[in-house]
Amino acid sequence: MARKSLSAWVKTLVLAGALAMGTSAASAQYQFCVEHGVLVAHLSENFQEKQFAFGLIGQTAIMEVFVAESGTWTIVVTDVAGTSCIIAAGNNWENVVTQPGHDA
């Protein structure tokens, strides 16, 4: 339920930004971007999501996955300037554990 609130909040901001910039809402989808610390604080305070994993995207960006015990998750990409964008978010996160000696 909390994820629905974030989704509505993000959609509202994206739509407002798209209208202000004169672009279509469809092209603005998934373009909610803010300073990295602001986004991390928002995910932590409002959804109790903590960084679960991260990986480099070449030399230009880092991809992070934030997860809460409740199962909500958010994927964020941050560029070298420190601007973070929400790429995807959802519910029902599950960790998959590979047993030693078994290929994934």
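Residues numbered from 1 in each chain as written. Predicted model: local features only at pLDDT ≥ 70, side-chain atom pairs only at ≥ 80, totals over all residues. Heavy atoms only, no water.

Caption draft 1: Structural detail: the state of the cysteines. Here the structure, examined in full by the defined rule, presents one disulfide. Covalently, C33 is tied to C85 through a disulfide, its sulfur atoms 1.9 Å apart. Given an S-S torsion of about 105 degrees, the disulfide between C33 and C85 has right-handed geometry. Taken together, the residues span a long stretch of sequence, with C33 in strand 1 (residues 33-35) and C85 in strand 5 (residues 83-90) at a distance of 52 residues. Judged by relative accessible area, C33 falls into the partly exposed class, the value being 30%. (Disulfide = S-S within 2.5 Å. Helix = DSSP H or I, 4+ residues; strand = E, 2+ residues; numbered from the N terminus. Buried < 20%, exposed > 50% of the residue type's maximum accessible area, 1.4 Å probe, protein only.)

Caption draft 2: Here's a closer look at the nonpolar core. Core analysis: the biggest nonpolar cluster contains seven residues, these being F32, L39, L43, F47, F66, V76 and I86. Looking at this core element by element, the count peaks at three residues for helix 2 (residues 36-47). What F66 contacts, discounting residues up to four positions off in sequence, is V40, L43, E49, K50, Q51, F52, T72, W73, T74 and V76. (Core = buried A, V, L, I, M, F, W, Y, C linked by side-chain atoms within 4.5 Å. Contact = heavy atoms within 4.5 Å.)

Caption draft 3: Local environment of the sheet that holds strand 4 (residues 73-79). Pairing in this open sheet of five strands is antiparallel, and the strands run 1-5-4-3-2 from one edge to the other. The sheet is open, and its two borders are formed by strand 1 and strand 2 (50-57), each paired with just one other strand. Within the sheet, the average angular offset between the axes of one strand and its neighbour, ignoring direction, is 30 degrees. When strand 4 meets strand 5, the two strands line up antiparallel, connected through six bridges. Bridge pairing in strand 5 places W73 opposite G90. On the sheet, helix 2 packs against strand 1, strand 2, strand 3 (61-67), strand 4 and strand 5 and is oriented at approximately 100 degrees with respect to strand 1. (Pairing = 2+ DSSP bridges. Axes fitted to C-alpha atoms, helices over the stretch in contact; angles between N-to-C directions.)

Caption draft 4: Summary view of the packing of aromatic side chains. Summed over all chains, the structure comprises two aromatic pairs. Geometrically, the ring pair formed by F52 and W93 is edge-to-face, given 5.5 Å between the ring centres and 70 degrees between the ring planes. In this pair, F52 is assigned in strand 2 and W93 in the segment after strand 5, connecting sequence segments 41 residues apart. F52 sits in the partly exposed class, given a relative accessible area of 45%. On the basis of relative accessibility, which here comes to 27%, the residue W93 falls in the partly exposed class. Three or more aromatic residues joined by ring pairs form one cluster here, namely F52, W73 and W93. (Phe/Tyr/Trp six-rings, centres within 6.5 Å; stacked < 30°, edge-to-face > 60°.)

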